[in-house]
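Survey of secondary and tertiary structure
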Amino acid sequence: QVQLVESGGGLVQAGGSLRLSCAASGIIFKIYVMGWYRQAPGKQRELVAEIMPSSATTYADSVKGRFTISRDNAKNTVYLEMDSLKPEDTAVYYCKGRVGTRGTEYWGKGTVVTVSS
């Protein structure tokens, strides 16, 4: 059984920080591409950040310089460090895992991040 479980969301004031965690089980974590996505009400789900097995990373332009994705293969966990949060960062944040570009996608249930002004 594959499970991705996000944690760390909450309510924070603009300018504050949060660290999201995604704990994976049921997969060979170290070979998986892991990513964070978010979806705000009425909007499409969008990529926030992605990290390869090599630890190479990509970020959405909207979060570059503010967010950092990382992984700890020994803990089967991927993190998203969010700094200088803005109200427009408010969304449900989802963890995703897959093998390569065509592998089956596994998704967590999401964790809510609310940034107040």
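Residue indices begin from 1 for each chain and proceed along its sequence in written order. The model is predicted, so local features are restricted to residues of pLDDT at least 70 and side-chain atom pairs to those at 80 or more, both for listing and for counting; the totals for chains, interfaces and linings are taken over all residues. Side-chain measures were taken over the full set of non-hydrogen atoms in the model, leaving aside hydrogen atoms and water.

By definition here, a salt bridge exists when the distance from a side-chain nitrogen of Lys or Arg to a carboxyl oxygen of Asp or Glu is within 4 Å. Here the structure, examined in full by the defined rule, presents seven salt bridges. Here Glu81 and Arg19 are joined by a salt bridge, their closest N and O atoms 3.9 Å apart. Taken together, the positions of Glu81 in strand β8 (residues 77–82) and Arg19 in strand β3 (residues 18–25) put the pair 62 residues apart, joining distant regions of the chain. Working definition: with a 1.4 Å probe on protein chains only, accessible area under 20% of the residue-type maximum means buried, over 50% means exposed, and in between means partly exposed. The class for Glu81 is partly exposed, based on a relative accessible area of 37%. Secondary structure is summarised from DSSP: a helix means a run of H or I of at least four residues, a strand means a run of E of at least two, and numbering begins at the N terminus for each.

The subject of this paragraph is the packing of aromatic side chains. Two aromatic rings, drawn from Phe, Tyr or Trp (for Trp, its six-membered ring), form a pair once their centres lie within 6.5 Å of each other, and the interplanar angle then sorts them: stacked below 30 degrees, edge-to-face above 60, tilted otherwise. For the coordinates displayed, the defined rule picks out three aromatic pairs. A centroid spacing of 6.5 Å and a plane angle of 45 degrees characterise the contact between Tyr32 and Tyr106, whose relative ring orientation is tilted. Of this pair, Tyr32 sits in the loop between β3 and β4 (33–39) while Tyr106 is found in strand β10 (residues 106–107), placing the two residues 74 residues apart along the sequence. Looking at Tyr32, the relative accessible area reads 10%, which means it is buried.

Looking now at the side chain of Glu6. Within the fold, Glu6 resides in strand β1 (residues 3–7). The positive count covers Lys and Arg only, the negative count covers Asp and Glu only, and His and the chain ends enter neither. Buried and without a salt bridge, Glu6 has Arg45 as its closest oppositely charged side chain, separated by 7.6 Å. Polar contact criterion, stated in full: a pair of N or O atoms within 3.5 Å, where within protein one must be able to donate a hydrogen and the other to accept it, and residues adjacent in sequence count only if both atoms are side-chain atoms. Reaching out from Glu6, the side chain makes a polar contact with the backbone nitrogen of Cys95 at a distance of 2.8 Å. Among the polar contacts listed, one links the side chain of Glu6 to the backbone nitrogen of Gly110, at a separation of 2.9 Å. Apart from residues no more than four positions distant in its own chain, Glu6 is found in contact with Ser21, Cys22, Trp36, Tyr93, Tyr94, Cys95, Gly108, Lys109, Gly110 and Thr111. Contacts are assigned to residue pairs with any non-hydrogen atoms lying within 4.5 Å of each other.

So, on to a nonpolar patch on the surface. Only residues whose relative accessible area exceeds 30% and that form no salt bridge are eligible for patches; like-charged ones are grouped when within 9 Å, while nonpolar side chains (Val, Leu, Ile, Met, Phe, Trp, Tyr) are grouped when within 5 Å. All accessible areas in this document rest on Shrake-Rupley with a 1.4 Å probe, and a residue is counted as covered only by the protein chains that are shown. Residues Ile28, Ile31 and Val99 make up a contiguous nonpolar surface patch of roughly 250 Å² in combined accessible area. Relative to the helices and strands, Val99 is located in the loop between β9 (91–98) and β10. For Val99, a relative accessible area of 37% corresponds to the partly exposed category.

Our next topic: the nonpolar core. The biggest cluster of nonpolar side chains holds 28 residues, and the ones touching the most others in it are Trp36, Val78, Leu80, Met82 and Tyr93. Among the elements that line this core, the one with the most residues is β3, at four residues. Discounting residues that sit within four places of it in the chain, Met82 has contacts with Gly16, Ser17, Leu18, Leu20, Arg66, Phe67, Tyr93 and Val113. Side-chain atoms within 4.5 Å are what join buried Ala, Val, Leu, Ile, Met, Phe, Trp, Tyr and Cys residues into a set we call a nonpolar core.

What follows concerns the sheet that holds β3. Note on pairing: DSSP must find at least two bridges between two strands before they are called paired. Read from one edge of the open sheet, four strands run β1-β3-β8-β7, paired in antiparallel fashion. For this open sheet the edge positions go to β1 and β7 (67–72), each flanked by a neighbour on one side alone. Strand-to-strand twist in this sheet, taken as the mean axis angle between neighbours without regard to direction, amounts to 15 degrees. Taken together, the six bridges between β7 and β8 define a ladder with antiparallel strand orientation. Among the inter-strand pairings, Ile69 is bridged to a residue of β8, identified as Leu80. In this analysis, axes come from line fits to C-alpha atoms, helices being fitted only over the stretch in contact, and the angle between any two N-to-C directions falls in the range 0 to 180 degrees.

Note on placement: Arg71 falls in strand β7. In terms of polar contacts, Arg71 uses its side chain to reach the backbone carbonyl oxygen of Phe29, at 2.7 Å. A distance of 3.4 Å separates the side chain of Arg71 from the backbone oxygen of Ile51, its partner in a polar contact. Once residues lying within four places of it in the same chain are set aside, the contact partners of Arg71 are Phe29, Lys30, Tyr32, Met34, Ile51, Met52, Pro53, Ser55, Thr77 and Val78.

Limitation: the analysis is restricted to geometry and does not speak to function.
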